[in-house]
Amino acid sequence: MKKILLLSLLSVFSLLSCNEDEKLQEEPVKNYKTFQKVKVAFAEGESQSAEGIFNFPTDVEKIKSVKMYIQDFCPNKDCDEWDRFANVYVKDKTSGEWYEIGRFITPYWVGTEKLERGLEVDVTDFKSLLTGATELKIYTETWSAKGRTYSVDFDFEYGTPDYKYSAVVPVFQYNKSSIDGVPYGKTHSFDMSRKINIASGTEIAYLRTIISGWGHAMPGNCAEWCVRTHHITINGTSTFDHKLEGIGCAKNPINNQSPGNWKDDRAGWCPGMVVPVRFNNLQKSLFGTAFDFEYQFENWTNNGSNGDAFYAISTFVVVKSNNPITKPTVTN
């Protein structure tokens, strides 16, 4: 009798374990919807941005990855027909500063409906901010009353993260719009140098940079079309390069952007695509002490014959550890 009871209990336990395993296999990813068909536009009573507060999970130490999906709706070509600078921000709960978590350029004439879930951006680096009640903002540099209409949702994948703890802080953000970026080829007052201090207990740290150029300044149609290499110096030594070159615009699956010139390669971005993130790992020898950071452009002079050139740039420093972590500090 005892043997039968024991076997029965083991069967029940095994069934429960299987059910839990199946549940984890079926639902390792939890989806959170945020903006739902919100319109941004340039007109009376409209705004180029939309904001909202949304609830995300609080057990971020169990989150392996976070993906953001941006669906841009444009049925019957009734949206702003131009390729517009756009991005999504999360507000840091401590400082109140908006952090750019993804940037994209809208397609000509159409939306992103050709992609089942729209544009995909890996925002795992910001999971320490995407927790609990969280403020988000979506912006588009549209100058049309037709504007753009968006839905944004997030997939939180549960599992073992690469490191249990992480933090992210901006080095600088000159990214409010395409023409609010750093002027290229002329004198400007933007400070592109910082002092960064990463705690000694950090296990890994890297820079996370987004760059897009705008303008048709001469010579070379800069900064939208000219191939240029930017440099990051650490303690006065050129350490990382960012080459602004074509990324394959003609291969974009959003291939119905006619009559826009979407196939031609720009310098580091494409209409109807996410602007790529550039990652640079920092040496551990830098941890535990302050070091000098400077972002530098390739030498070039605007001859003034065709307007100005700009680079919209955001750079963050991301730190990770399996022990409780201290945020980096960044000073001018």
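Okay, so let's go over this structure.

Criteria and cut-off values
Residues numbered from 1 in each chain as written. Predicted model: local features only at pLDDT ≥ 70, side-chain atom pairs only at ≥ 80, totals over all residues. Heavy atoms only, no water. Helix = DSSP H or I, 4+ residues; strand = E, 2+ residues; numbered from the N terminus. Buried < 20%, exposed > 50% of the residue type's maximum accessible area, 1.4 Å probe, protein only. Contact = heavy atoms within 4.5 Å. Areas by Shrake-Rupley, 256 points an atom, 1.4 Å probe, with all protein chains shown as cover. Lys, Arg positive; Asp, Glu negative; His and termini not counted. Charge placed at Lys NZ, Arg CZ, Asp CG, Glu CD. Pairing = 2+ DSSP bridges. Axes fitted to C-alpha atoms, helices over the stretch in contact; angles between N-to-C directions. Salt bridge = Lys/Arg side-chain N within 4 Å of Asp/Glu carboxyl O. Phe/Tyr/Trp six-rings, centres within 6.5 Å; stacked < 30°, edge-to-face > 60°. Lys NZ or Arg CZ within 6 Å of the ring centre and 35° of its normal.

## Observations regarding the overall build of the protein chain
When helices and strands are counted, the protein chain shows one helix and 22 strands. When the backbone C-alpha atoms are referred to their principal axes, the protein chain occupies close to 95 × 55 × 35 Å. Relative to its 332 residues, the protein chain shows a buried fraction of 49%. A fraction of 80% describes how many contacts in the protein chain between residues 6 or more apart in sequence connect residues 24 or more apart. Total accessible area on the protein chain is roughly 15900 Å²; 51% of this is exposed by carbon and sulfur atoms. Counting 36 positive and 41 negative side-chain charges, the protein chain places the centres of these two groups 3 Å from one another.

## A few points about the sheet that holds strand β17 (residues 237-244)
Read across the open sheet, the five strands follow the order β17-β16-β20-β12-β22; overall the sheet is antiparallel. Looking along the sheet, the strands with just one partner apiece sit at the ends: β17 and β22 (329-331). The average angle at which neighbouring strand axes cross in this sheet is 25 degrees, direction not considered. Summarising the sheet, strand β12 (residues 193-197) and strand β20 (residues 290-296) pair through five bridges and their orientation is antiparallel. Looking across to β20, one finds that Arg 194 is bridged to Phe 293.

## A look at the sheet that holds strand β8 (residues 132-140)
In spatial order, the strands read β3-β8-β5-β6-β18; together these five strands make up an open sheet with antiparallel pairing. The sheet is open, and its two edges are formed by β3 (49-56) and β18 (273-274), each paired on a single side.

## With respect to the pattern of salt bridges
Any two side chains of opposite charge can pair, given that their charged atoms come close. Tallied over the entire structure, the rule returns 17 salt bridges. Across the pair Asp 153 and Arg 117 runs a salt bridge whose closest N-O atoms are separated by 2.7 Å. Taken as a pair, Asp 153 in strand β9 (residues 148-158) and Arg 117 in the loop between β6 (98-105) and β7 (119-122) lie far apart in primary sequence, 36 residues in all. The class of Arg 117 is partly exposed, set by a relative accessible area of 30%.

## Some words on the pairing of strand β21 (residues 309-321)
Extensive coverage of β21 is indicated by the burial of 13 of its 13 residues. Neither face of β21 is open: one carries Ala 309, Tyr 311, Ile 313, Thr 315, Val 317, Val 319 and Ser 321, the other Phe 310, Ala 312, Ser 314, Phe 316, Val 318 and Lys 320, and all of them are buried. Note: strand β10 (residues 165-174) against β21, nine bridges, orientation antiparallel. Counterpart to Gln 173 in the pairing with β21 is Ser 314. As judged from the three bridges shared by strand β11 (residues 182-184) and β21, these two strands associate in the antiparallel manner. Residue pairing across strands places Pro 183 opposite Phe 310, the latter belonging to β21. In this structure, strand β13 (residues 204-214) lies alongside β21, joined through 11 bridges in antiparallel fashion. Counted as the bridge partner of Ile 210 is Ser 314 from β21.

## Let's talk about the packing of aromatic side chains
Throughout the structure, instances matching the rule amount to 21 aromatic pairs. With 5.3 Å between their ring centres and 90 degrees between their planes, Phe 126 and Phe 316 make a pair best called edge-to-face. With Phe 126 in the loop between β7 and β8 and Phe 316 in strand β21, the pair connects residues that are 190 residues apart, well separated along the chain. Put simply, the rings of Phe 172, Tyr 174, Tyr 184, Phe 190, Phe 293, Tyr 295, Phe 297, Trp 300 and Tyr 311 pair up and form one aromatic cluster. For Lys 37, the ring lying beneath its charged end belongs to Phe 73, and the centroid distance is 4.8 Å.

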